[in-house]
Amino acid sequence: MKKVSVVIPMYFEESVANECYNKVKNVTENLEKYDYEIIFVNDGSTDKTLSIIENIAKENKKVKVISFSRNFGHQAAVTAGLRASEGDAIIIMDADLQDPPELIPKMLKKWEEGYDVIYGKRTKRDGETVFKLLTAKAFYNILNKLSDVEIPKDTGDFRLVDKNVADVVCNLPEHNKFLRGLFSWTGYNQCPFEYERKERVAGKTKYSLKKMLKLASDGIFSFSSKPLKIIGYIGICFIIISIIFLICGIVIKDKTELNIILCIFSLFTGIIQISLWTIGEYISRIYDEVKGRPEYIINKKINL
Ligand code: UDP
Ligand code: MG
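Residues numbered from 1 in each chain as written. Chains lettered and ligands numbered in written order. Predicted model: local features only at pLDDT ≥ 70, side-chain atom pairs only at ≥ 80, totals over all residues. Heavy atoms only, no water.

Glancing now at the overall build of the chain. When helices and strands are counted, the chain shows 10 helices and 8 strands. Referenced to the eigenvectors of the C-alpha coordinate spread, the extents of the chain come out at roughly 85 × 40 × 40 Å. Taking all contacts inside the chain whose residues are at least 6 apart in sequence as the whole, residues at least 24 apart take part in 83%. Averaging the locations of the 44 positively and 39 negatively charged side chains of the chain gives two centres separated by 3 Å. (Helix = DSSP H or I, 4+ residues; strand = E, 2+ residues; numbered from the N terminus. Contact = heavy atoms within 4.5 Å. Lys, Arg positive; Asp, Glu negative; His and termini not counted. Charge placed at Lys NZ, Arg CZ, Asp CG, Glu CD.)

Glancing now at the side chain of Glu 128. Following the sequence through the fold, Glu 128 ends up in the loop between strand E5 (117–125) and helix H5 (130–146). A polar atom in the side chain of Glu 128 sits 3.2 Å from the side chain of Arg 125. When residues no more than four places from it in sequence are discounted, the contact partners of Glu 128 are Gln 98, Leu 133 and Arg 197. (Polar contact = N/O pair within 3.5 Å; in protein donor to acceptor, adjacent residues only side chain to side chain.)

With respect to spatial proximity, 19 residues lie near ligand 1, and among them Glu 13, Asp 43, Asp 96, Thr 205 and Lys 206 are the closest. Measuring from an oxygen atom of ligand 1, one finds a backbone N or O atom of Pro 9 at 2.8 Å. Within the backbone of His 74, a nitrogen or oxygen atom sits 3.4 Å from a nitrogen atom of ligand 1. Computed on the free molecule, ligand 1 has an accessible area of 530 Å², of which 96% lies beneath the protein chains in the complex. Grouping the constituent residues of the shell around ligand 1 by class yields 5 nonpolar, 5 polar and 9 charged. (Near = heavy atom within 4 Å. Areas by Shrake-Rupley, 256 points an atom, 1.4 Å probe, with all protein chains shown as cover. Nonpolar A, V, L, I, M, F, W, Y, C, P; charged D, E, K, R; others polar.)

Below, the discussion takes up the pattern of salt bridges. Opposite charge on two side chains permits them to pair, given that their charged atoms come into close proximity. Under the criterion given, the structure shown has 27 salt bridges. Between Glu 54 and Lys 300 there is a salt bridge; the shortest N-O distance is 2.4 Å. Of the two residues, Glu 54 is situated in helix H2 (residues 49–59) and Lys 300 in strand E8 (residues 298–302); the sequence distance between them amounts to 246 residues. By relative accessible area, Lys 300 is classed as partly exposed at 39%. Note that Glu 128 is salt-bridged to Arg 125, the shortest N-O span being 3.2 Å. (Salt bridge = Lys/Arg side-chain N within 4 Å of Asp/Glu carboxyl O. Buried < 20%, exposed > 50% of the residue type's maximum accessible area, 1.4 Å probe, protein only.)

On to the pairing of strand E7 (residues 190–197), then. Side chains of E7 alternate between two faces, with Cys 191, Phe 193, Tyr 195 and Arg 197 buried and Gln 190, Pro 192, Glu 194 and Glu 196 left unburied. With 8 bridges connecting them, E5 and E7 associate as parallel partners. When the sheet's bridge partners are listed, Lys 121 is paired in E7 with Glu 194. (Pairing = 2+ DSSP bridges.)

Between its first and last C-alpha, H5 extends 24 Å over 17 residues, near the 24 Å set by a 1.5 Å rise per residue. For H5, the complete set of buried residues consists of Lys 132, Ala 136, Phe 139, Tyr 140, Leu 143 and Leu 146. For H5, the arc enclosing every buried residue in end-on projection is 135°, short of the 170-degree limit, so these residues lie on one face. Counted as exposed and oriented over 90 degrees from the buried face of H5: Val 130, Leu 134, Lys 137 and Lys 145. Residues of H5 that are buried make contact with E5, strand E6 (155–162), helix H7 (179–186), helix H8 (209–223) and helix H9 (226–252). (Expected span 1.5 Å × (residues − 1). Arc of directions from axis to C-beta.)

What follows is about the packing of helix H3 (residues 74–84) against helix H6 (residues 163–170). Between H3 and H6, the shortest axis-to-axis distance is 10 Å and the interhelical angle comes to 125°. The pairing of H3 with H6 is recorded here as oblique in orientation. The handedness of the crossing between H3 and H6 comes out as left-handed. Each of Thr 79, Leu 82 and Arg 83 in H3 lies in contact with H6, whose residues at this interface are Lys 163, Ala 166 and Cys 170. Taken together, the residues that form the contact of H3 with H6 break down as 3 nonpolar, 1 polar and 2 charged. (Axes fitted to C-alpha atoms, helices over the stretch in contact; angles between N-to-C directions. Parallel < 35°, antiparallel > 145°, perpendicular 65-115°, else oblique. Left-handed = near helix turned anticlockwise from the far one by under 90°.)

Shown next, in the form of structure tokens:
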């Protein structure tokens, strides 16, 4: 019998944990052709999330728990869940039921048709702020312009991945994984399915602006080296502009006003800072790889 694993990362999700389990269990228990397991990954929550999922795991041996020693981030939590999965097909979903578990049978049907990655594409996003919608749109546009790998728009991590694809991605040595990009990068047979993303059933988003920026910079800097080239082009443009200023100054014998000097000075300082920041982003990633620290530390495991 084939097995389906459902990986659910959790960070301060005490208000949704039980409902999430009940809904996912209802769907997976009724899958006639498949056995199932549910892997909850507690990403360092210090509320009641861990004790709730521990109790669930005591009652149902098909529920497995991984608990991190601290918050290592959503992508690390999903990676740990993927590594622990024994299923032939693995479903990644959020704990807050924004990604409807009722769609699991439909995803499995596509998998049986031969697709290796079946990713959710959001046609509607309820309960998201205008800021989040606009920044997400801008991010995917920039990412696709910069990256050599096509990363589908309006997608998140809600998807089904074949065990083979999960193994490839989990065995990549890189840290700061941007999973949706890496799945796309593997190039296996992929297919989207459209769904309406609902509001969270309870609680607030756990993706702070800082975490969103971290995810976005992982996406951009791990999938493109074009920013390094772009700052070079900008540098050349500004050298040309400064030569034009110099020639104009000599030919017209124009005495430059102090404010123009200041304006140009601050502009150049800004460009140098942006250039340094861009280089710094790459260096910090190289540094992370060289240090070779683990992506996460597991503190506790249940039923695994
Ligand atoms: N999450 C996590 N670690 C984090 C932040 C979030 O494991 O540091 C989990 C969170 O519990 C949820 C999923 O990742 O299951 C997506 O987070 P959230 O729903 O808050 O993000 P949003 O849907 O608002 O983008
Ligand atoms: Mg959510």
